[in-house]
Protein chains: 4
Amino acid sequence: MKEKKIIYSREEMFKMNKRKLEERGVTLEDIALIAYKQQSKYNPDIELSTCLESVAKILTYRDIFHAVQLGIELDVLTEQGKLSEPMQGILEEDLGMFGIDELLGLSIASNYGVIGQTNFGDIDVNKPGIVGKLNKEGRKGKCHTFLDDIVGALAAAASTRVAQIQSEEYAEHDPSIKQLQMDLKQKK
Amino acid sequence: MKEKKIIYSREEMFKMNKRKLEERGVTLEDIALIAYKQQSKYNPDIELSTCLESVAKILTYRDIFHAVQLGIELDVLTEQGKLSEPMQGILEEDLGMFGIDELLGLSIASNYGVIGQTNFGDIDVNKPGIVGKLNKEGRKGKCHTFLDDIVGALAAAASTRVAQIQSEEYAEHDPSIKQLQMDLKQKK
Amino acid sequence: MKEKKIIYSREEMFKMNKRKLEERGVTLEDIALIAYKQQSKYNPDIELSTCLESVAKILTYRDIFHAVQLGIELDVLTEQGKLSEPMQGILEEDLGMFGIDELLGLSIASNYGVIGQTNFGDIDVNKPGIVGKLNKEGRKGKCHTFLDDIVGALAAAASTRVAQIQSEEYAEHDPSIKQLQMDLKQKK
Amino acid sequence: MKEKKIIYSREEMFKMNKRKLEERGVTLEDIALIAYKQQSKYNPDIELSTCLESVAKILTYRDIFHAVQLGIELDVLTEQGKLSEPMQGILEEDLGMFGIDELLGLSIASNYGVIGQTNFGDIDVNKPGIVGKLNKEGRKGKCHTFLDDIVGALAAAASTRVAQIQSEEYAEHDPSIKQLQMDLKQKK
């Protein structure tokens, strides 16, 4: 018997994430725009292409792949009416007290630390760009209970990643840092 | 048109959780036994009935209701083959690198703080009692990808709740605590 | 030898938290105002006094007491120059890549679930009211590295608590909820 | 005026972490041994040197550097009696209901996902090797309130990192994975 494929390469995960997001009406550019908007407040000379690159990078990670795929799967199953109660009704209505969508979002964002998580909070509460659009669509027939949080979290992760790279690059080039050799090798 | 019921009372949530767990082969006593085993190391005179009471209490909370119901729903949908790929294969095989089951577990346990979460870690890694049984069954046809983590987290939450109540009771009866009046009322 | 008092009653914790916050320039009203501002977007007929009541309630919890007291202690020790390097410099400068202040904030907010955490993210990023004021003061001599996150988290917790109480009250009074009896007693 | 150095290179952070841990009685080998013990249950042909390499790697990360340095700083300040009450007493006595030490531990471990966190829970509860030794010393004069959790978390992170590398290597070499080209470049 042929075993099912359950482990994917990073390139495959990127392609599958991109396709699934697009099927649900979200482009990588939509996500990059939110990251750009959030990050350009602090770094005015940031470029949208840098944010898009970060979005693409993030979509190759296994943890994030699992969250994106499961969340969208649940939205689709809900639209198809395949869940039983009480979950069918709760996900259809996007019940405000249901928090597992935010939990998935916080989990995606946590790949970029606590700053990733606070940046997700900002996007989740204020709903810029595509996040607000998904949220509205969710009240008119479509189910985006998980998608809006996932997209917001991907934007927060991309935004935070851009800031981290800039900070770490600054650290690397700081002339006051005198480079030391790691002495672990000798130790072993 | 009749609106769907999506908000349940605490008694309803308890009943629905109990029934769903039993349908999947788990009794509240199974869960209480793990809590008892974990907590009796520190408090030898604890009673099983106290742990069972904690399990029942925990099953009335809305956050926990949502996690229990969604997790079991996903296990059932997987057994019914209703998911699309890649999630159908990943949940069928209980892929080790898939972590959203542990995420739900950590979330349930976090209702009892970081100690709830470390207690969940202990149960999740060492798989006592029903958790180990579910884990084995999951490799022979049944899908318990989420259930073993949910049950372990409920046990950890119940165990931690028992410890917290004992600590707080001790605090209340500590004669060195001189009771002060809250001065908020005057402030307002 | 007299043992040190390390466990405090809820009234004592409230008083100690209130005093410590006031010593650092923050009143409970300052915190309640942020909660009010955040929550009145969704619930226009909310009252400031309800938010103040929530702030006071939150300040009686042990987990939150520990986070408030430790965070402020670290700010004060930093102002007194009592830390050694590298922490003295990192906390003095409120290094952006240092995230343990946000970690304490997220931990306080998590007492009100993932919504508490996303609400904290909003406040942490957008810095309304006293949070913005503390942040600015922190750049001119005072050390508020932890305080601004703690205050933001207390406001987020209070705001989320108000929303939860309203939702749960609605749930309790929803006429479509038929009350069921918990059957645990018979079970035991 | 000379500005303080607050950003360190990865080599510097490694050296500072190693020295600080050794000053407090913990070698990298002590930590690697716990990781080895935890991981060799699942991967019997793992080597201690692989675990040691993981420990060293982990100690170069900025988030982990901040948690290690702050935690040990707090232990040292407590031994020196430099804190004010209530924190001085709470940290001296390693109050069981104080959870910020576990919070730092969970935060370190979360760099390796939820599995990192459950692995930390196992070590935190069962206290193998140096963690148990630190815990006992902490009851006789020394203050290891934060150190035992930090060391346990570093071991859990190292253990989980080893498992992840093995899983990801397996994924890379799985012949059923057909390599796809990322089409982002063309997109831009």
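Here the structure is shown first, and the text comes after it.
Notes on the structure in this doc start here. Since this is a predicted model, take the numbers as computed values, not measurements.

Calculation criteria
The residue numbering used here restarts from 1 in each chain and proceeds along that chain's sequence as written. Naming scheme: in the order in which they are written, chains are lettered from A and ligands are numbered from 1. Whole-chain, interface and lining totals are the exception, using all residues; otherwise, since this is a predicted model, local features are given only for residues with pLDDT of at least 70 and side-chain atom pairs are given and counted only at 80 or more. Side-chain calculation: all heavy atoms of the structure are included, whereas hydrogens and water are not. Fitting of the copies onto one another was done by least squares over C-alpha atoms, counting residues only where both copies have pLDDT of at least 70. Only heavy atoms matter for contacts: two residues are in contact if any of them lie within 4.5 Å across the pair. Working definition: helices are DSSP H or I runs of at least four residues, strands are E runs of at least two. Numbering for both runs from the N terminus. Any pair of N or O atoms that falls within 3.5 Å is considered a polar contact. Within protein, one atom must be able to donate a hydrogen and the other to accept it, and sequence-neighbouring residues count only if both atoms are side-chain atoms. An axis is simply a line fitted to the C-alpha atoms; with a helix, the fit covers only the stretch in contact. Between two such axes, the angle follows the N-to-C directions and lies from 0 to 180 degrees. Roughly parallel here means an angle under 35 degrees, roughly antiparallel means over 145, roughly perpendicular means 65 to 115, and every remaining angle is called oblique. Definitions for this section: a left-handed crossing has its near helix turned counterclockwise from the far helix by less than a right angle. A right-handed crossing has that turn clockwise. When residues are sorted by character, Ala, Val, Leu, Ile, Met, Phe, Trp, Tyr, Cys and Pro go into the nonpolar class, Asp, Glu, Lys and Arg into the charged class, and all the rest, Gly among them, into the polar class. Accessible-area loss on putting two parts together, using a 1.4 Å probe and summing over both, is the definition of buried area adopted here.

## Description of the relation of the copies chain B and chain D
Least-squares fitting of chain B to chain D yields an RMSD of 0.0 Å, with the superposition described by an axial translation of 0.0 Å and a rotation of 180°. This pairing of chains is accounted for by a two-fold axis. The share of interface residues of chain B whose copies in chain D are also at the interface is 100%, consistent with both copies meeting through the same surface.

## Quick look at the relation of the copies chain C and chain D
Each copy of the sequence occupies a distinct position, and chain C is placed on chain D by a rotation of 180° and an axial shift of 0.0 Å, giving an RMSD of 0.0 Å. Most of the interface of chain C is mirrored in chain D, where 100% of its interface residues are also at the interface.

## Points about the side chain of N17 of chain B
Residue and element names in this part refer to chain B. Within the element layout of this structure, N17 appears in helix α1 (residues 10-23). In this structure the side chain of N17 is engaged in a polar contact, spanning 3.0 Å, whose partner is the side chain of Q69. Apart from the residues within four sequence positions on either side, N17 is in contact with L59, F65, V68 and Q69.

## Remarks on the packing of helix α2 (residues 28-40) of chain C against helix α3 (residues 48-58) of chain C
Residues and elements named next belong to chain C. For the pair α2 and α3, the least separation of the axes is 8 Å and the interaxial angle reads 120°. The angle between α2 and α3 places the two elements in the oblique class. You can see that α2 and α3 cross each other, and the crossing is right-handed. For the pair α2 and α3, the contacting residues are L28, E29, I31, A32, L33, A35 and Y36 in the first and L48, C51, L52 and V55 in the second. Class assignment of the residues belonging to the contact of α2 with α3 gives a composition of ten nonpolar, no polar and one charged.

## Examining the interface of chain B and chain D
Contacts between chain B and chain D engage 21 residues on the former and 21 residues on the latter. Of the roughly 1600 Å² buried between chain B and chain D on both sides combined, carbon and sulfur atoms contribute 71%. The largest per-residue losses of area from chain B upon contact with chain D belong to M97, T118 and V125 of chain B, which jointly make up 33% of the total buried on that side. Contributing elements (two or more residues each) for the side of chain B that touches chain D: α6 (100-109), α7 (113-126) and α9 (147-173) of chain B.

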